[in-house]
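Now for the letters of each chain:
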Amino acid sequence: DDDDDDDEKDEDDDEVISNSDDADIPLNGVQNPYSRRSSFRQHDKARDLDVEVYNSILVAYSREQSGDNAADVMRLLDRMERLAEELDMPSVRPNKRSYNVALGVISNSASRADTSLAVYYDGEDIAEDEIRYGGSESNATKAGTKPKGGKRNNNNNKNKKYNKKNNQKFNPLYAGRAAESVLSRMLANSHRPDSYAFASVLNSYQRIPNGRLDAALAADAVVRGMESLHLHGKIDEPPDVFHYTMVCACWSRSGHGAVAGERCSEILSHMTERAQGGFERVKPNIRTFNAVIDSHAYNGRVAEAEDMLLSMVDNYESSAARSMDGIEDDQLPVRPDSFSFNTVIQQWARARTPEGGRRAERILDRMLEFHHNGNADVRPDERSFAYIIYHFTKGAGRMAPDAPDRALKLLRRMIRMFRQGYKELLPAYDNRTNPIFAFTSVIDAHSVLRRPDAGMVGDELLDAMTKLGDSVDALKPNTYACLSVLYGWSSCGSVDAGERATELLRKMEEDMADVAARTWNCEEEEEEISRMRTTQRCYILAQTAWARSPSERKAEGALEVLEMMEANYAIGNMDAKPTVQAYSMVLNACAFADMVQDEKGMLVKATPENQRRAFDVAQHTLDRVRGEPYPGVRPNPVIYGTFIKCCGRLNLPDDIAIKAAARAFEDCCRRGLVSDFVLTQIRYALPPETFLKALVKNGYRDLDKNGKTLSRDGKR
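Residues numbered from 1 in each chain as written. Predicted model: local features only at pLDDT ≥ 70, side-chain atom pairs only at ≥ 80, totals over all residues. Heavy atoms only, no water.

Q: How would you sum up the overall build of the chain? Please name residues and give values.
A: Summing up its helical and strand segments, the chain has 31 helices and four strands in all. Of the contacts formed within the chain by residues at least 6 apart in sequence, a portion of 71% connects residues at least 24 apart. Summed over its atoms, the accessible surface of the chain is roughly 36,500 Å², and 48% of this surface lies on carbon and sulfur atoms. (Helix = DSSP H or I, 4+ residues; strand = E, 2+ residues; numbered from the N terminus. Contact = heavy atoms within 4.5 Å. Areas by Shrake-Rupley, 256 points an atom, 1.4 Å probe, with all protein chains shown as cover.)

Q: Could you give an account of the environment of His620, naming the residues involved and the relevant values?
A: Within the secondary structure layout, His620 lies in helix α27 (residues 608-626). For His620, a relative accessible area of 38% translates into the label partly exposed. Distance from His620 to Leu559, taken between C-alpha atoms, is 9.7 Å for residues 61 residues apart in sequence. (Buried < 20%, exposed > 50% of the residue type's maximum accessible area, 1.4 Å probe, protein only.)

Q: Hey, could you go over empty space enclosed by the protein for me, with residue numbers and the actual values?
A: For the structure shown, the criterion picks out two cavities of 30 Å³ or more. Estimated volume of the second largest cavity: approximately 40 Å³. Taken together, Ser551, Glu552, Lys554, Ala555, Glu556, Ala593, Val596, Asn610 and Ala614 make up the full set of residues lining the second largest cavity. Listed by contribution, the elements that provide at least two residues to the lining of the second largest cavity are α25 (554-570) and α27. Here the lining of the second largest cavity is composed, by residue class, of four nonpolar, two polar and three charged. (1 Å grid on protein atoms, 1.4 Å probe; cavity = no way out; pocket = protein on both sides within 12 Å on 5 of 7 lines; lining within 4 Å. Points joined across faces, edges and corners; volume = space filled by probe spheres on them. Nonpolar A, V, L, I, M, F, W, Y, C, P; charged D, E, K, R; others polar.)

Q: Could you give an account of the pattern of salt bridges, naming the residues involved and the relevant values?
A: All chains considered together, the criterion is met by 49 salt bridges. Note that Glu369 and Arg366 form a salt bridge whose closest N and O atoms lie 3.6 Å from each other. Note that Glu369 and Arg366 are positioned in helix α17 (residues 355-372) at a spacing of three residues, about one turn of the helix. For Glu499, the salt bridge identified is with Arg553, shortest N-O distance 2.9 Å. With Glu499 in helix α23 (residues 497-521) and Arg553 in the loop between α24 (536-548) and α25, this residue pair connects regions lying 54 residues apart in the sequence. For Glu499, a relative accessible area of 36% translates into the label partly exposed. Judged by its relative accessible area of 34%, Arg553 falls in the partly exposed class. A network of salt bridges, in which partner residues are shared, links Asp623, Arg626, Asp667, Arg670 and Arg671. (Salt bridge = Lys/Arg side-chain N within 4 Å of Asp/Glu carboxyl O.)

Structure, rendered in structure tokens:
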């Protein structure tokens, strides 16, 4: 079979040679490789290529999901046009399909910051490669400066140095202007672009990162040029609602509040006029109105966006009411959707004024009212509540006295609606707004202000997260959520704060133990990690809860948390390694063990027995930290100063308090750890004469009668 194919091929070659008019075959039968006949044979075989071969390559580029193929597509179009013009091969000239596929590739890659088109244009400006809507050819084509092979015939070394000096790797309008260049080629080759081609150009400008004002102006010019081309009969379809909507979207992200909103309103009015003039496909839809609302809201004109939204709601409800009475409108008004409400809610919540949160709440209430009035698909989602909660907990409204209460009320309402069937309020999939932050931010808002109900609120919301975690995986309690609850107990100052914080720590340790047991018994290689893993901060917050609570057990409770920390570190939890701060927190709890809360809720002096137990705990803790129980855990000025404070505050026999304070001060001086804090505490802990004697004994001199001017070793 191979021999037959070779013979058939030789016959075809002989036929080509014999049919050529200028065939000049030497007598020896040897073909001259440089003769015109050889050139003709190669050229004739190249004619077998047609545009669809190249189109298949373009389609392959368009189907590639990853990578930036915009520059490759432009080079392929250049090659096709060059073959058609220079080698007289009209069969490979790009057709309408070629250009449309290329526009799609450019549009899909427009969102890349480091675009390959920057290399294609070699860093040069391409302002000439855009559509000039006065004729069918672009200025680039007329001037003969159309890029070939990705390079421009420009020897301006000054511009090249400027680009290199400024490290200009990316022009944000490369993709859009490249798309316009393709559009200009279509017009120059008498291919009438359809609405899809123009939409691809607009989509390119819309997706360009950081295009801002330039992209909006360019997109605006494209639509105006499309109107002009249709008016002069050079394209078949005028711009429709989708083209204008994309222009509004570009304006909404332009960042120019003084221009964007007004321009979008002008476009909306222009669309309405054209629709009334007979262009039915230009009639604004909900996407158009949302783009205009978006342009006002995102550019600092939230009040205008709110007015437009409420006007839409009133018009639609009025039309619905007339329809119930048997009066049908000629044209139904556009009905707002969830995006319309959420856009205004989000921007009011982000406003830097305390009033923004209340206005966002009013929009949410109006949304729910609109929903219950027969618009079942206009429903709030997690963003509807999360934005307002953020305003009252982290945003401009957090300083209001009632901000935590308003945030908690919103969150409770959100949970109640979720249990009633509004599952989109707490979606079970990963999304941009993690619902756990709404819970923790409300707890933190109470904790920051040291509200007395901070611990109870944290416990309530942790319980809600535990129950909701069965259906919403993101709400399963984790270390981050537990830290917020511990922070709430540490700041509320309630009598049971220490007990409740310690109880939560035990739950976290039990969860760690359960996960470790399952991992030990499981044969899978991947190790399961507990969500509620304890850390150093967890134990420190629990100790703080004990120190700030007026409980009789605050000293023993703080020591118990320290022992839990040491035990958890001993079994392998490296995140729970005890620190010097953990020991100083025990001493701090002992120092304030002189006051407790009685049965009537009043603060009274603790009994001498309780204060003596607190002192014993403090002495035990100081002795342990002196022995450096862990590498790097050794006494510091805070340790000594806090222990001396215990001696001064607690009601102890004079001989015990004075001797213990003097010994601690002497040890502190010997270690060279005396600070202003230590000197202040020893001054209050000792009687004046004993204080001066202690200073002299430990090397201080140049003392005045009040002991305020001190000097030790000439340094203090």
